[in-house]
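# Structural characterization, general
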Amino acid sequence: MTGKADPLLAAEDETTDDLERVATELGRGLAARGMTIATAESCTAGGIARALTETAGSSEWFDCGFVTYSNDAKQRLLGVRADDLATHGAVSDAVARAMAIGAVQRSVATVAVSVTGIAGPGGGSPGKPVGTVWFGFARRNRVEGQPEAIECSAECMHIDGDRRTVRLRTALHALRRAAIIWL
């Protein structure tokens, strides 16, 4: 990277260089722990996977990324339940969790991060304004002699800014939070 902000993700105070740095740190931490990651993305459209794979050697700790922009793709590729989409909407705790769990189940990764949100400029509502983003963080727990379990947490944030800013800050938060949770 040249130090210039990516025109697809540029923000006033944070750049894709920041995103690449955070992704590299997370990757090194995952590698040191023998962990691998998968991503499940909607509003960032693969931006998190892209940031993770900018690092040379990322194939050691990055398994795959699912870009599931449509509700149909969320169901087909990640196993998100139609009932959860109908009841809670695509931008919700239930869907963020299902996306993260689905990414772990449909990959060989030990952890997965998911994002689903409203990057704007349209698509918001009074209950879910533009900038509403749900994050999911799932982790496989393998204990010899026991059935595999998947732990999952989710959180919601409201991120101010235009579409580019929301997408960049979403990716940054997802990776920073993942480092806090897993490392």
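So, here is what we can say about the structure in this document. (Residues numbered from 1 in each chain as written. Predicted model: local features only at pLDDT ≥ 70, side-chain atom pairs only at ≥ 80, totals over all residues. Heavy atoms only, no water.)

### So, helix 5 (residues 93-105)
Over its 13 residues, helix 5 extends 18 Å from the first C-alpha to the last, a length consistent with the 18 Å expected when each residue adds 1.5 Å. When we look at burial in helix 5, the residues that qualify are Val95, Ala96, Ala98, Met99, Ala100, Gly102, Ala103 and Val104. (Helix = DSSP H or I, 4+ residues; strand = E, 2+ residues; numbered from the N terminus. Expected span 1.5 Å × (residues − 1). Buried < 20%, exposed > 50% of the residue type's maximum accessible area, 1.4 Å probe, protein only.)

### Quick look at the pattern of salt bridges
Scanning all chains against the criterion turns up seven salt bridges. One salt bridge in this structure joins glutamate 54 and arginine 50, with 3.7 Å as the shortest N-O distance. Residue glutamate 54 is classed as partly exposed on the basis of its relative accessible area of 38%. A relative accessible area of 39% means that arginine 50 is categorised as partly exposed. Two residues, aspartate 93 and arginine 97, come together in a salt bridge whose shortest N-O distance is 2.8 Å. Of this pair, aspartate 93 and arginine 97 both sit in helix 5, separated by four residues, roughly a single helical turn. With relative accessibility at 29%, the residue aspartate 93 sits in the partly exposed group. (Salt bridge = Lys/Arg side-chain N within 4 Å of Asp/Glu carboxyl O.)

### Structural notes on the sheet that holds strand 5 (residues 149-158)
Spatially, the five strands line up as an open sheet ordered 2-1-3-4-5, and their pairing is mixed. The two strands at the open ends of the sheet, each matched to only one other strand, are strand 2 (62-67) and strand 5. The average undirected angle you get between the axes of adjacent strands in this sheet is 15°. Pairing between strand 3 (residues 111-117) and strand 4 (residues 132-141): seven bridges, direction antiparallel. Note on strand 4: the bridge partner recorded for threonine 116 is tryptophan 134. (Pairing = 2+ DSSP bridges. Axes fitted to C-alpha atoms, helices over the stretch in contact; angles between N-to-C directions.)

### A short note on the nonpolar core
Grouped together as the largest cluster of nonpolar side chains are 30 residues, with contacts concentrated most on Ile37, Ile48, Leu52, Leu175 and Trp182. When residues of this core are traced back to their parent elements, those giving at least two are helix 1 (16-32), helix 2 (47-53), strand 3, strand 4 and helix 6 (163-182). Not counting residues within four places of it along the chain, the set of residues in contact with isoleucine 37 comprises Leu26, Leu30, Leu52, Trp61, Phe62, Asp63, Cys64, Ala109, Val111, Ala112, Val113 and Trp182. By size, the runner-up hydrophobic cluster in this structure holds 17 residues, among which are Phe66, Ala100, Ala103 and Val104. (Core = buried A, V, L, I, M, F, W, Y, C linked by side-chain atoms within 4.5 Å. Contact = heavy atoms within 4.5 Å.)

### Some points on the pairing of strand 3
The buried fraction of strand 3 amounts to seven of the seven residues, a majority that puts the element mostly inside the structure. By the alternation rule, side chains of strand 3 split into Val111, Val113, Val115 and Gly117 and Ala112, Ser114 and Thr116, which are all buried. Looking at chain direction, strand 1 (residues 37-41) and strand 3 are connected through five bridges and run parallel. Note that in strand 3 the partner of threonine 39 across the bridge is valine 113.

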